[in-house]
Amino acid sequence: MNRKYHIDYSINEEEYNAWLLRLQKELNKSQYNFVTSNSRAIMGLAGPGSGKTRALIHRTAHLIKSGVPPGNILLVTFTNKAAEVMKMRLKHLLGYYPQDLWGGTFHSIGARILRAHPHFFERNSHFTILDEDDRSVIMKKGFDEIKKGLSAEEQKLFVKRGFAGKAISQARNSGKGLAEIIDIYYPRLQEYTELLQRVAEDYEQRKKEINAFDFDDLLIKCLELFKNNGEIRDIYQQKFHHVLVDEFQDTNVIQGNIIDVMVEETNVCVVGDDAQSIYAFRFADIANIVQFPKRHPDCEIIRMEENYRSCPEIVDMINEIISLNENQLPKKLTSLKPSSEKPWVVKAKDVTEEAAFVTQRIQELYQQGLRLKDIAVLYRSSYLTQDLEMEILKRRIPYRTFGGLKFMQKAHIKDMLAWMRILYNPHDESSWRRVVPLHPGLGKSATDQVISQIIAFPSPLEGIVSGKITPSRGKKGWETIKQTVAAIMNLNQITEIIYHILENGYYELLSQNFPDSWEERYRSLERLASYSQKYEDLETFLEALSLEETLFFEDEMGAQGENDYLTLSTIHSAKGKEWEAVFVLAVNEGHFPSGWGNVNLEEERRLFYVAASRAARYLHLLTYTNDYRQGSSFVTRPSLFLRELPPEKYELVYLE
């Protein structure tokens, strides 16, 4: 006869009172109220630097100390790293890690549930979890069977560059149809909608055949399981007496629905900050947190508004920034740090002066005692860093980039420089080997054949334009190369060269091959054109870039063993981090908020809020008066986000 033995995790009254005293010492009043609340539904509304994750871990420990069996607790976060940190902190608090507790990412919890019930989806419990590379391999098989009529370039876009998988994943995570996703985000590719729908259906069938789920399935199939099988749903609703979720503002519609289903009859506790909801492009849905009190009318909202990171002057500014958003749950942060200086709004003449100021100021802060690791340069988009990166290299400041490649590593920059090296030295074989295969129909054998002609011909550019140099196949792609050569072979001004290369085929290559990122690549090339205006001719420009490229590789080698380095990061990649000093580049109209596509102004303002709230003591917001677009300079103005700030919230700094 089997016997069940209940383990009592509760502690005696004396130990419990000692525990409460410990909480009172370690937590502030709002954190303590959050940790010890007995409400069925709790939302910890917590600003940046307020210790919200810490509070959630203390609440988990408090539940266990209060007698809740760990096996009845579900603790969910977003990344593996965050999950490991939570486990480590919980172990530190309790003196042990409760093995029965269900803790991990949404995806790991989904996998655990699906392994218990795989037969509902025609799998067994030994199913494989596919990553993006695995997905591409399987989708390629589907394309191989239905690819008739697709060119090699179209196959490259959909399979090798992973666009098909990305579009299908976006549709699944957003709760929208694939056709709607393509209409909204990729209107240039509407003709392929039916094809992609067929590929998606084929992909679903192939996953069944090989006993596999992909990462999206771990959430979507879990939700399907709960919605379509009441008995299974009841098991988990009864099992988890307490569901706790970290970073709730980052949940998408699928994750939000999973939580709603799980907590219909149980206790739920979420922490988050609607003002830091900045991942709509990944289909995070701010409505999950903003509407949480409406979905749970008995919800207790506990505001954690004490900021342990930033000085009062920075906190005053970020309060002002976010106050202008309408779709929010209001809160007002107060700083617990000593007073410092007001944030600087720095007005430069142009990007060159912006770069000079940032590097000089970084060196000043370094000399005053800050480590480079205490300093970060943040930006809305990675194309904004070119001039700064060149200046950093010249001054030999070690740095690392997050949220994108360093400027000299970017493929489109290498493509453009290859074209310019060809113009300067038409026998440059390595540059031809980069440029030729970019064009339709020019594979390895055709490239080898035409390059052998180029090397042997006395004047390759003239030979190409005259038709004396030509491949045996790939005529359409070669015609584009021929057209580009004819357009640039007699030009001297570097800016004109760049724009003629763009206008004679490269822009089309960008838009076709990178439908999800061509705008940023194009802006990056505009920045290269702007930077080139410093140089009189192509020779000095290429020589300068070659020297800077050498510095770049020296910097890369040095940074591998360097413990102190400057951080350059997109704002999206900076969330959750902090530095003593922060610089935010190009807070200008057209750059921040973004000047591309359908801009959600409130999300962009939240992004600005996140950027400013990364700084502890020194915050520098950069803007300039002269910008560059389409080959010419023009007068621009500061971002709306600066113009709407009261002047008393910052110190205005003019450069001279």
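(A) Looking closely at the sheet that holds strand 19 (residues 651-654). Taking strand neighbours across the sheet as the criterion, the seven strands line up as 13-14-12-15-16-11-19 in an open arrangement whose pairing is parallel. Looking at which strands have only one partner, the edges of the open sheet turn out to be strand 13 (399-402) and strand 19. Averaged over all neighbouring strand pairs, the angle between strand axes comes to 20°, with direction disregarded. Here strand 12 (residues 375-379) pairs with strand 15 (residues 579-584) via four bridges, running parallel. Bridge pairing in strand 15 links Ala 376 to Val 582. Sitting on the sheet, helix 17 (residues 351-367) is in contact with strand 11 (344-348), strand 12, strand 14 (566-570), strand 15 and strand 16 (615-624), with an inclination near 160° to strand 16. Of the strands in this sheet, strand 12, strand 15 and strand 16 are in contact with helix 28 (residues 601-612), which crosses strand 16 at around 130°.

(B) How the structure looks around the confidence of the model for the protein chain. Per-residue confidence for the protein chain averages 89 on the pLDDT scale, and 93% of its residues sit at or above 70. Note that pLDDT drops below 50 for residues 551-561; the model gives that stretch 19 contacts with residues more than four away or on any other chain.

(C) Structural view of the sheet that holds strand 3 (residues 102-105). Taking strand neighbours across the sheet as the criterion, the six strands line up as 3-2-6-7-1-8 in an open arrangement whose pairing is parallel. The sheet is open, and its two edges are formed by strand 3 and strand 8 (300-304), each paired on a single side. On average, each strand axis in the sheet is inclined to that of its neighbour by 15°, with strand direction left out of account. Sheet analysis places strand 1 (residues 41-46) next to strand 8, joined by five bridges and oriented parallel. Bridged to Ile 42 within strand 8 is Glu 300. Contacting strand 1, strand 7 (267-272) and strand 8, helix 2 (residues 29-36) runs over the sheet at an angle of about 150° to strand 8.

Cut-offs applied
- Residues numbered from 1 in each chain as written.
- Predicted model: local features only at pLDDT ≥ 70, side-chain atom pairs only at ≥ 80, totals over all residues.
- Heavy atoms only, no water.
- Pairing = 2+ DSSP bridges.
- Helix = DSSP H or I, 4+ residues; strand = E, 2+ residues; numbered from the N terminus.
- Axes fitted to C-alpha atoms, helices over the stretch in contact; angles between N-to-C directions.
- Contact = heavy atoms within 4.5 Å.
- pLDDT = per-residue confidence, 0-100.

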